[in-house]
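Observations on the model geometry
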Amino acid sequence: MSSIESEMGKVIGRRPSPLRAVSILLFGVYVMYSSVALLKGGFEPDEGFYLFAAKLVSEGERPYADFGLTQPPAHAWLGSVVLPYLGWTVYGTRMLGLILSCCTVIVGSIFLLRKKGWFSVVVFLLLFLSSPGWMERATIGKPFALGGFVILISGAIVLSDIPIVWRWWLYTAFSAIGCLVRLPLAPMFIIGSVGLLYSLPNNKTRIAFFFGSVLVSFLVLVSIGWKCWDSMLFWLVDYHRLRIMPPGGIFPLSYIIKDGLSHSTMSWLLLLFAMWYQRKNVLFLGLCVGVLMSLIFNLGSYRGYGVYVVFFIPLSILLVSWGLGPVIDNIRHSFKPYLIYVAMGSVVFGGWMFRNAPYGWEHSDYLEEYDSVVRFVRRTVRPASQIVATTIEVPVSAGFNVPNKLAMGMFGFTTSLSQERADQVHFSTVSDIIGFLEDPSTDAWVGSTMFKLNYNWSSPDQLRIFDEDRSAIIKCLEDNYRVSYMNKYYVVMLRKRETTL
């Protein structure tokens, strides 16, 4: 046997064929369902501002300094590089999520194959297929896929056999990237670092690396907040802290927890067993505790949503596969093959039986309606004109300019901030909206047929705006525009223009 064949044998193992075939089949099913979720996913109001933020970054604008953004900028940075190739459309930003989702599964599978063998890979893929919440949420134009990818890599770094010093610095780097995806991911990285800190050779090294991490965190903050500290703190902290949920708008904590855990029911359940089997592994337990504390942090607030746990699903699945895969592999030979298949089917069935609220397949026609409104806007609006919109994915996809103050679309309109404060943090007031609509360069307004998503409530408090403010905007629209197109999700109003014979 040649040296090459010998090395391949070490990687693939002596009993790979059936498990390798099963792994390929499971991954194929994963890609197929994720692709269906991409195409059939319904209207998501956040996709527009993530798409527009990436477009603005690609044009040289800075988040917080030049426009508002309620999350850290990593997703916009990545989109500014990738979306020119995938397209400045909802399709493009969803395809980015699908690519990251598949990369997450591929990287995790390769890592487990090298460290734990084929059966751990099968468990890994099986748990992903039993997590419909991940497959569906990772393929929309939001940071779920990017966050899950970064967190999974950080966990693989901790569990790897890279020299501990390099592991610390790599983990710190990916922790910084993760916090640039979304700040509430920080508990995962902070608690997960405890095991690495414990594994460093001595206290002197621990202190040096701890302060090194603090320095990296400071440099990250400087990189995004330079000369725009006030605006950055407003969008990343105050915007969320100042929200006052209206009566009846608060999800009960029990609902948030149930919805969150049901995005990947089997992985959370099996994670507890994996912790018991790996109870002497400090690095493994550090990551597990980090995941569980992050769940508590993200689910323990009335301002939270169950969907926030989607970020942590890939690492949870990796930890279960790492901790239980070899154990199950050792005992599976004691059972008849059909029992193994029944067990595998039960895992998938359990994940779907206790899943989160069913995906909005009743809105599976969304992308068709989105395509039709984009075509209408391209066909009827003058190329050099500006568009005002609450649903900004439409003008961005159609290739039209939108005022920077509307970067957050329906989430960037306020009646509770003063005009001076709104100008400082790039927020649109009633005066701004009317000014944009009356601007001669504006040819159209694009909004949602769900009128509450237009100018019905004020950010960041999320309370209904005053009747006189809403009436002023409606009057301006009626005086200057006419309804020219409407479908199930969107409405377009074109500017009235005098015609001459």
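Further up the page is the structure itself.
Read on for a plain summary of the structure. (Residues numbered from 1 in each chain as written. Predicted model: local features only at pLDDT ≥ 70, side-chain atom pairs only at ≥ 80, totals over all residues. Heavy atoms only, no water.)

Another point: the pattern of salt bridges. Following the criterion strictly, the structure yields 15 salt bridges and no others. Between Arg421 and Asp230 there is a salt bridge; the shortest N-O distance is 2.5 Å. Here Asp230 lies in helix H12 (residues 229-241) and Arg421 lies in helix H20 (residues 419-425), a separation of 191 residues in the sequence. What makes Asp230 partly exposed here is its relative accessible area of 41%. When salt bridges that share partners are traced, they join Glu44, Asp46 and Lys142 into one network. (Salt bridge = Lys/Arg side-chain N within 4 Å of Asp/Glu carboxyl O. Helix = DSSP H or I, 4+ residues; strand = E, 2+ residues; numbered from the N terminus. Buried < 20%, exposed > 50% of the residue type's maximum accessible area, 1.4 Å probe, protein only.)

Glancing now at a nonpolar patch on the surface. On the surface, a nonpolar cluster with roughly 570 Å² of combined accessible area is contributed by Leu269, Leu272, Phe273, Trp276 and Tyr277. Topologically, Trp276 is positioned in helix H14 (residues 265-277). According to the relative accessible area criterion, Trp276 is exposed, its value standing at 52%. (Patch = residues over 30% accessible without salt bridge, like charges linked within 9 Å, V, L, I, M, F, W, Y side chains within 5 Å. Areas by Shrake-Rupley, 256 points an atom, 1.4 Å probe, with all protein chains shown as cover.)

It is worth spelling out the side chain of Arg94 at this point. Mapped onto the elements of the fold, Arg94 is located in helix H5 (residues 90-115). For Arg94, a relative accessible area of 0% gives the class buried. With residues near it in sequence (within four places) discarded, Arg94 still touches Leu38, Gly41, Gly42, Glu47, Thr139, Ile140, Gly141, Tyr366 and Leu367. (Contact = heavy atoms within 4.5 Å.)

Spatially, four strands are ordered S1-S2-S6-S5 in an open sheet, and the strand pairing comes out mixed. The open sheet terminates on both sides in strands that have one partner only, identified here as strand S1 (386-389) and strand S5 (481-486). Geometrically, the sheet is characterised by an average inter-axis angle of 25 degrees between neighbouring strands, direction not taken into account. Where S5 and strand S6 (residues 490-495) come together, five bridges link them in antiparallel fashion. From the neighbouring strand, Val483 faces S6, where its bridge partner is Met493. Helix H22 (residues 467-480) contacts strand S2 (442-448), S5 and S6 of the sheet and is inclined by roughly 85 degrees relative to S5. (Pairing = 2+ DSSP bridges. Axes fitted to C-alpha atoms, helices over the stretch in contact; angles between N-to-C directions.)

The next subject is the nonpolar core. Membership of the largest hydrophobic core comes to 157 residues, with the highest contact counts inside it found for Phe312, Leu319 and Val377. Top element by residues in this core is helix H8 (residues 144-159). It accounts for 12 residues. What Leu319 contacts, discounting residues up to four positions off in sequence, is Leu159, Leu271, Ala274, Phe284, Leu287, Cys288 and Val291. (Core = buried A, V, L, I, M, F, W, Y, C linked by side-chain atoms within 4.5 Å.)

We now examine helix H18 (residues 366-380). An α-helical turn contains 3.6 residues, so any two residues separated by three or four positions project in the same direction. If you check H18, its first and last C-alpha atoms are 21 Å apart, about what 15 residues at 1.5 Å a residue would give, namely 21 Å. Along H18, the residues that are buried comprise Tyr366, Leu367, Glu369, Tyr370, Ser372, Val373, Val374, Phe376 and Val377. (Expected span 1.5 Å × (residues − 1).)

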